[in-house]
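Chain and residue survey
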Amino acid sequence: AQSVSQHNHHVILSEAASLELGCNYSYGGTVNLFWYVQYPGQHLQLLLKYFSGDPLVKGIKGFEAEFIKSKFSFNLRKPSVQWSDTAEYFCAVTPGYGNKLVFGAGTILRVKS
Amino acid sequence: DGGITQSPKYLFRKEGQNVTLSCEQNLNHDAMYWYRQDPGQGLRLIYYSQIVNDFQKGDIAEGYSVSREKKESFPLTVTSAQKNPTAFYLCASGGTDSYEQYFGPGTRLTVT
């Protein structure tokens, strides 16, 4: 079945540690890729997106993600996390033929101060 | 103040009752979506609508119904046929020429 996989459900880091959250998808062909973030008590909001062009995309709050087509991956990175990055992070994909979002299961990040 | 509103924030119902969740948007988006969020399962698509008076089933539509009589509104009814209705429900909207979706604050439904 076509799906989106996030490798870690829970990640705990200390402040200033580097972050990488894995995301793999199983759709062939053209895809649009997203990372959404849900801070405690807040709306789900868009962190960054990839449609085409440079496979390294920059998002808000110092996050970036790299699209590697050959690996069907779109991993999220941040060089130095802060306590305020504590949140749940969702990778999502729209297959090229439509605008239905398919979400991964989410990764809960806790940053210790 | 543009955005998506969902009401109420918390909803409690007895088993066997139908319940309707409200979703309103003033972003002038054509498309609207309903998702269900369960711990460890991410968001799963229940129903979506690309245009007024038209909607399609998502991946987990059984036990749910929707209507789209106005562009701004996309209410979701959780029927008594839904086997496990307790969950967090998120509404979203987006343009049909854009892949971005904007999410509301959600409604947490508890059925006992």
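Presented here is a report on the structure given in the accompanying data block. (Residues numbered from 1 in each chain as written. Chains lettered and ligands numbered in written order. Predicted model: local features only at pLDDT ≥ 70, side-chain atom pairs only at ≥ 80, totals over all residues. Heavy atoms only, no water.)

As for the nonpolar core
Grouped together as the largest cluster of nonpolar side chains are 29 residues, with contacts concentrated most on Tyr25, Leu33, Trp35, Leu48, Phe74, Leu76 and Tyr89 of chain A. In this structure Leu76 of chain A touches Leu19, Glu20, Leu21, Trp35, Leu47, Leu48, Phe63, Glu64, Ala65 and Tyr89 of chain A, once residues within four positions along its chain are discounted. Of all hydrophobic cores here, the second largest spans 20 residues; its members include Val19, Cys23, Tyr64 and Val66 of chain B. (Core = buried A, V, L, I, M, F, W, Y, C linked by side-chain atoms within 4.5 Å. Buried < 20%, exposed > 50% of the residue type's maximum accessible area, 1.4 Å probe, protein only. Contact = heavy atoms within 4.5 Å.)

A look at the interface of chain B and chain A
Contact with chain B, which involves 22 residues of that partner, is made by 21 residues of chain A. Across the chain B/chain A interface, buried area totals approximately 1,700 Å², and carbon plus sulfur atoms make up 54% of it. For the chain B face of the interface with chain A, the top three residues by lost area are Tyr99, Glu100 and Phe103 of chain B, together amounting to 37%. Linking chain B with chain A are 1 salt bridge. The partner of Lys49 of chain A in a salt bridge is Glu100 of chain B, and the shortest N-O contact between them spans 2.1 Å. Inspection of the chain B/chain A interface yields 5 residue pairs in polar contact (both at pLDDT 80 or more). Contributing elements (two or more residues each) for the side of chain B that touches chain A: β4 (31-38), β5 (42-51) and β9 (87-94) of chain B. (Buried area = accessible area lost by both parts, 1.4 Å probe. Salt bridge = Lys/Arg side-chain N within 4 Å of Asp/Glu carboxyl O. Polar contact = N/O pair within 3.5 Å; in protein donor to acceptor, adjacent residues only side chain to side chain. Helix = DSSP H or I, 4+ residues; strand = E, 2+ residues; numbered from the N terminus.)

Focus: the sheet that holds strand β7 (residues 64-66) of chain B
All names here are of chain B. With antiparallel pairing, the 4 strands of this open sheet are ordered in space as β1-β3-β8-β7. Strands at the two margins of the open sheet, each flanked by one partner only, are β1 (4-7) and β7. Shown here is a sheet whose adjacent strand axes are inclined to one another by a mean of 20°, direction ignored. Relative to strand β3 (residues 19-25), β1 is paired through 4 bridges, and the arrangement is antiparallel. Opposite Ile4, over in β3, you have Gln25 as the bridge partner. (Pairing = 2+ DSSP bridges. Axes fitted to C-alpha atoms, helices over the stretch in contact; angles between N-to-C directions.)

Focus: the packing of aromatic side chains
Aromatic ring pairs are described here by two measures, namely the spacing of the ring centres and the angle between the planes. One pass over the structure, following the stated rule, counts 15 aromatic pairs over all chains. Their ring planes at 85° and their centres at 6.3 Å tell us that Phe90 of chain A and Phe103 of chain A sit as a pair that is edge-to-face. Of this pair, Phe90 of chain A sits in strand β10 (residues 87-95) while Phe103 of chain A sits in strand β11 (residues 102-103), and the two are 13 residues apart along the sequence. No difference in accessibility class separates Phe90 of chain A from Phe103 of chain A, as the two residues are buried. Through a chain of ring-to-ring contacts, three or more aromatic side chains come together here, namely Phe34, Tyr36, Phe51, Phe90 and Phe103 of chain A together with Tyr33, Tyr35, Tyr48 and Phe103 of chain B. One cation-aromatic arrangement involves Arg68 of chain B over Phe74 of chain B; the distance from NZ or CZ to the ring centre is 5.9 Å. (Phe/Tyr/Trp six-rings, centres within 6.5 Å; stacked < 30°, edge-to-face > 60°. Lys NZ or Arg CZ within 6 Å of the ring centre and 35° of its normal.)

These results come straight from atomic positions and should not be treated as a statement about function.
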